[in-house]
Amino acid sequence: MLDSLLLKPSNHYLEEDQLYFLVQDQTFIYQLIIYKAQVSTKKVYLLVYHNEFNTIWLAFYNQHERTLFRELLKIPGIGLKNAQLLVKSYTYQEILMIVKTNNEAKLLELKGIGTKMAKNVITKLQKTLFNVTYSSREEELISCLTRLGYSRIKVLNVIKNLDLTRNDEECLQFLLTWLGGEVNESR
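For every chain, the first residue of its written sequence is number 1, and the numbers climb from 1 along that sequence. The predicted origin of the model limits local features to residues at a pLDDT of at least 70 and limits the giving and counting of side-chain atom pairs to 80 or more, whereas totals for whole chains, interfaces and linings rest on all residues. Side-chain descriptors were evaluated using all non-hydrogen atoms of the structure, hydrogens and water having been removed beforehand.

This paragraph deals with the nonpolar core. Formed by 28 residues in total, the largest nonpolar core has its most connected members in Leu58, Phe69, Leu72, Leu107, Val121 and Leu125. Only heavy atoms matter for contacts: two residues are in contact if any of them lie within 4.5 Å across the pair. Not counting the four nearest positions on each side in its chain, phenylalanine 69 is found in contact with Leu47, Leu58, Phe60, Leu80, Ala83, Gln84 and Val87. We define a nonpolar core as any set of buried Ala, Val, Leu, Ile, Met, Phe, Trp, Tyr and Cys residues linked to one another through side-chain atoms lying within 4.5 Å. The buried label goes to any residue with under 20% of its type's maximum accessible area, the exposed label to any with over 50%, and the partly exposed label to all in between, with areas taken from a 1.4 Å probe on protein chains only. If you look at the next biggest cluster of nonpolar residues, it comprises 14 residues, including Tyr150, Leu162, Phe174 and Leu175.

So this is what it looks like as structure tokens:
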């Protein structure tokens, strides 16, 4: 299976977001994922997306964008349209920054992305792109504090400083102390 294609003036042409690639008198059609910062390149990277109804061939300008798209498709609830929406709305670097800073609000700006999906995207991409994981105990504390109305971003930033050798009461007391001043401002 093809992983990438070298682009030469004689073997391809673009029409809107479709890349038509000619190989031995056969034309292959790829949906070109276009980003804000298009790079002039001589190579595109391919991804084949299968669902129960059809197969779609996708082309990317670099391997990082293709990997990000592939990871987005692995997230439950994210289909082809939502993955395309994300990569067409934000550059690769912007998505990395959104994930790194837990910026759910930026994802919520997109039509079709709700709170649950935004949290899911950030959590899953943090695990796959940055190896950020939380223990079940940390997940419980995060869930508890967000249900109490604390900002998830602030909770995640504070939980990094948590000493998990403390008992639950001490952990909550520590987190509430750190979040106390910031929460009253955000409520």
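What follows picks up the thread again.
As a per-residue quantity, pLDDT reports the predictor's confidence and falls between 0 and 100. Overall, the prediction assigns the protein chain a mean pLDDT of 79, with 74% of residues at 70 or greater. Mean pLDDT per element in the protein chain: strand β1 (residues 4-6) is the minimum at 61, and helix α4 (residues 104-108) is the maximum at 94. Low pLDDT, under 50, characterises residues 35-39; the stretch is placed with eleven contacts to residues that sit more than four places away or in other chains. In this model residues 182-187 is a low-confidence stretch, pLDDT under 50, and it forms six contacts with partners more than four residues away in sequence or in other chains. By the criteria applied, helices consist of DSSP H or I runs no shorter than four residues and strands consist of E runs no shorter than two, each listed in order from the N terminus.

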